[in-house]
Amino acid sequence: MGSLKSFIKAVRKSKTIADERAAIQKESAKIRTSFRDPQLDTSTRRTNIAKLMYLYILGEKTHFGQVECIKLLASQSFADKRLGYLATMLILDENQEVLTLLTNSLDNDMQHPNAYIVGLALCCLGNIASPELARDLHANVEAILEKSTNVYLKKKAAIVAAKLIEKEPELCEYFLPRVSSLLSDKSPGVLLGGLVLVQAIHNHSDDDAHRRELAAQFPKIVGHLKRVSASGFMPDYDVSGVPDPFLQVTLLQTLRVLVVNQTQYMDDINDLLTQVASTLESSSKNSAHAVLYECVKTIFAIDSDPALKILGVNLLGKFLATRDNNCRYVALDTLLTVIHTEPQAVQRHRSTIVGCLSDGDISIRRRALELTFAILNEQNIRVLAREILVFLEECTDSELCTYITSQLTIAAAKFAPNEKWHFDTLIRMLKLAGNNVTSDILSSILALILQCSDAKLKEYVVGKIWATAVADPKQYGVAVVALWTIGEYADLVIGKTVGKSEDEDKTKSVVVSEKSIVDFFHTILTNSTYSETEKTQLVLYILTAVIKLSVKFRDSAQVEELRRILNSKQHDVNFEIQQRAVEYEQVFGQPMNLKQGLLAKMPAPPVKTREAVSLNQTGPKKNRQSIVSRPSGPTTTEDLLLDLIDHGSTPNNAPQAVSAAPVTSTDLLTDIFGSTTISSPPVPPKPVNKPVPAAHSINNDVAAIPAFSNETLQVSFVPRKFGGGQADIDALVQLNPTTLDSVGKVQLLIAVPKSQKLVISSTSGDRLPMRQTLKLTGKEGSNVKLRVKLKYEANGAPRENQFDFAGFGKNL
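The following refers to the structure shown. (Residues numbered from 1 in each chain as written. Predicted model: local features only at pLDDT ≥ 70, side-chain atom pairs only at ≥ 80, totals over all residues. Heavy atoms only, no water.)

Let's shift gears to the packing of aromatic side chains. All told, the structure shown has 12 aromatic pairs when counted by the stated rule. On the basis of an interplanar angle of 90° and a centroid distance of 5.9 Å, the ring pair of F373 and Y403 is categorised as edge-to-face. Here F373 is found in helix 22 (residues 362–374), whereas its partner Y403 is found in helix 24 (residues 398–415), with 30 residues between them in sequence. For the pair F373 and Y403, one class covers both residues: buried. Grouped by ring-pair contacts, the aromatic residues F717, F722, F805 and F808 constitute a single cluster. (Phe/Tyr/Trp six-rings, centres within 6.5 Å; stacked < 30°, edge-to-face > 60°. Helix = DSSP H or I, 4+ residues; strand = E, 2+ residues; numbered from the N terminus. Buried < 20%, exposed > 50% of the residue type's maximum accessible area, 1.4 Å probe, protein only.)

We now examine the nonpolar core. Formed by 204 residues in total, the largest nonpolar core has its most connected members in L125, V141 and F521. Of all the elements, helix 28 (residues 476–493) adds the most residues to this core, at 12 residues. Those residues in contact with L125 that sit more than four places away from it in its chain are L106, M110, L133, L137, V141, V160 and L164. Residues I705, L748, I760 and M770 belong to the second largest nonpolar core, which totals 30 residues. (Core = buried A, V, L, I, M, F, W, Y, C linked by side-chain atoms within 4.5 Å. Contact = heavy atoms within 4.5 Å.)

This part takes up unusual backbone geometry. Residue S240 is not a glycine yet carries a positive backbone phi of 55°. Within the fold, S240 resides in the loop between strand 1 (238–239) and strand 2 (242–243). We note that D244 has phi near 40°; this positive angle belongs to a residue other than glycine. Position of D244 among the secondary structure elements: in the loop between strand 2 and helix 15 (245–258). On the accessibility criterion, D244 (6% relative accessible area) is buried.

Right, let's get into helix 22. With 13 residues, helix 22 should reach 18 Å at 1.5 Å per residue; the first-to-last C-alpha distance of 18 Å fits that figure. Burial analysis of helix 22 places 10 of its 13 residues in the buried class, which makes it a mostly covered element. The set of residues buried in helix 22 consists of I364, R366, R367, A368, L369, E370, L371, T372, F373 and A374. Where the residues of helix 22 are buried, they touch helix 19 (325–338), helix 21 (350–355), helix 23 (381–394) and helix 24. (Expected span 1.5 Å × (residues − 1).)

Given below as structure tokens:
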């Protein structure tokens with residue numbers, strides 16, 4: 001067989017994909033044949049394993065060589081063991097059955113007198129350990145931590161111990177006693193490993209005693225951070241003039257994890273963080289930025305001094321002023337998380353944030369745009385809206401344009417200084433956004449126009465929209481709004497000059513006449529730049545405008561033109577257009593007094609509530625705001641039931657909302673989503689949820705987990721089965737032992753994320769105590785999160801409570 005070098009040359013010199021595939025398959029067959037040879041020598045096996053790793057890099061199948069990798073570990077040669085462990089870590093993972101053959105090799109090598117071989121075994125165990133391997137070999141790792149004097153091995157053993165705890169949290173009790181000695185070591189490597197172990201125990205142990213024991217090590221961590229941050233040049237650990245930045249970062253991370261409820265050390269922590277931030281404040285090195293970034297995250301993660309939080313924001317502002325795009329992105333992303341904590345401090349960096357909107361990096365522009373919307377308020381809305389509109393004018397990303405129009409509509413409704421500015425901003429946004437305006441935004445703008453009670457302002461708005469549409473009839477959003485408003489309010493602008501504006505939008509003024517309106521209709525009807533869907537919608541709007549204008553026009557020639565437009569669409573290939581034209585033709589021929597009543601102005605509808613969303617769809621939603629209608633009146637709100645618990649769901653999957661109660665005439669799905677205007681008598685105030693005790697047994701159910709409790713009822717969940725993408729859960733509803741209320745008509749409504757499905761089988765009706773069995777299916781490993789609405793009658797009065805629950809501690 002040839003060498004690895006010749007194999008790589010054969011693959012690289014292939015001129016076609018077929019030649020490459022042939023070379024790979026030929027060599028793969030040779031490797032398989034060679035592995036079957038019982039007399040295979042170690043040198044050839046090593047060459048084959050090296051080729052196998054190259055195949056793995058190319059994405060080829062390598063499962064046939066797993067056992068051979070483990071055989072190579074039996075060699076006493078360090079070169080063989082090094083290659084064998086590398087191949088094992090690449091080709092195997094914790095789900096492979098052959099992994100059990102690795103236990104003996106790891107056990108022997110972790111007791112080897114050669115420290116480097118022990119290091120190889122530790123590295124392999126940390127990378128591919130399964131829960132079974134962790135339980136079998138944790139004693140070897142403990143022995144190294146306890147007896148070894150080799151700093152290199154103790155560091156590796158501590159980090160591997162942290163990995164084993166991630167796989168098997170029950171091992172915390174074995175490694176916890178080693179924490180104190182590790183944190184007492186002055187060696188940076190050993191200390192770094194000990195800190196990683198502390199974080200693993202804290203994150204994976206539910207035992208309060210373990211956390212109290214870790215909290216006792218808090219002074220040591222503070223002392224180490226003081227020592228390292230104040231130390232001078234360290235030849236072996238200095239990076240660009242920063243003393244051991246890796247250790248400083250890990251110390252800050254551990255400090256942030258353990259600082260909860262450590263109020264007695266808060267003054268020392270504030271002084272320490274100030275010291276770290278001040279020491280590295282003037283540095284422009286990336287290592288210093290890493291330490292400062294962790295320092296800022298710690299400042300905002302703890303209950304720090306207000307002055308320290310302002311210092312943290314100022315540090316982020318200095319990150320923004322650097323030329324390093326990574327630092328600027330990190331600063332923008334972090335400022336988004338602290339905007340609600342220190343809004344005034346973030347506002348001081350407004351000019352720098354706005355400057356990032358013109359950055360060449362799209363990721364920075366997106367983050368800067370989101371942060372710009374986050375810092376909007378009544379004082380800066382004029383300035384920032386102008387900058388956002390400039391950005392919108394130059395934006396070519398349709399997804400980003402849609403986001404901007406949605407957010408700007410929300411912000412303008414919330415912070416507009418006056419109604420005229422509000423409408424001017426929306427009209428300019430329509431003009432600049434082109435066709436990237438969603439139908440709900442158009443609907444909101446039309447509703448705002450209808451709700452406008454100032455006759456002069458309404459005339460100005462209608463005229464300006466009309467002038468904008470006439471100047472550029474190719475923009476769908478502007479055309480839709482113009483057609484609707486001219487049909488509804490043509491009497492306000494016919495015969496007048498419209499389009500005059502005092503803002504940056506230099507729209508040319510035009511005279512509105514009956515003929516110019518009809519000409520505009522013909523322009524839209526003959527325009528070929530719209531898509532089929534857009535053209536259909538515009539024609540429907542034109543037909544509605546035509547029938548509305550039939551009672552407003554006075555020129556008989558133009559009225560006849562309107563009739564011709566209707567007649568021309570009575571044989572349209574689109575059935576909806578054809579039907580609309582035929583119906584309107586019947587209305588068109590009715591007497592004028594009848595048509596005037598039939599075609600009167602529409603009443604003002606409410607403006608639907610909307611929520612601002614983050615550009616980062618996978619992360620938590622930030623900076624939520626709502627469009628609010630200015631005039632008083634009923635508003636339609638949308639309680640997006642699954643918004644909180646929707647993580648990475650497929651858009652095509654509908655939300656699953658299931659009622660466990662008997663079917664009634666009430667639309668339970670609509671009720672639980674709260675998407676209709678409520679006109680029934682007000683519901684009594686929801687009682688405040690009382691704190692509930694830890695998991696306990698209810699009705700002989702093991703590990704029933706309390707989820708909700710008030711003065712009347714208690715709701716608990718019993719996890720029966722989890723895993724394999726399925727879960728079986730019992731929901732229990734029972735009376736609070738202290739209640740004196742008479743309770744009846746109990747209903748339990750439950751919703752799950754869009755990516756999951758829920759089936760509820762009723763086992764005990766609606767009488768208390770009530771039990772319902774929930775069967776969930778979804779993506780394996782996904783979180784189980786429920787939103788529950790509890791409806792019942794107490795002493796004859798209807799009541800309801802809603803709560804979220806995700807405390808099962810298990811995944812599908």
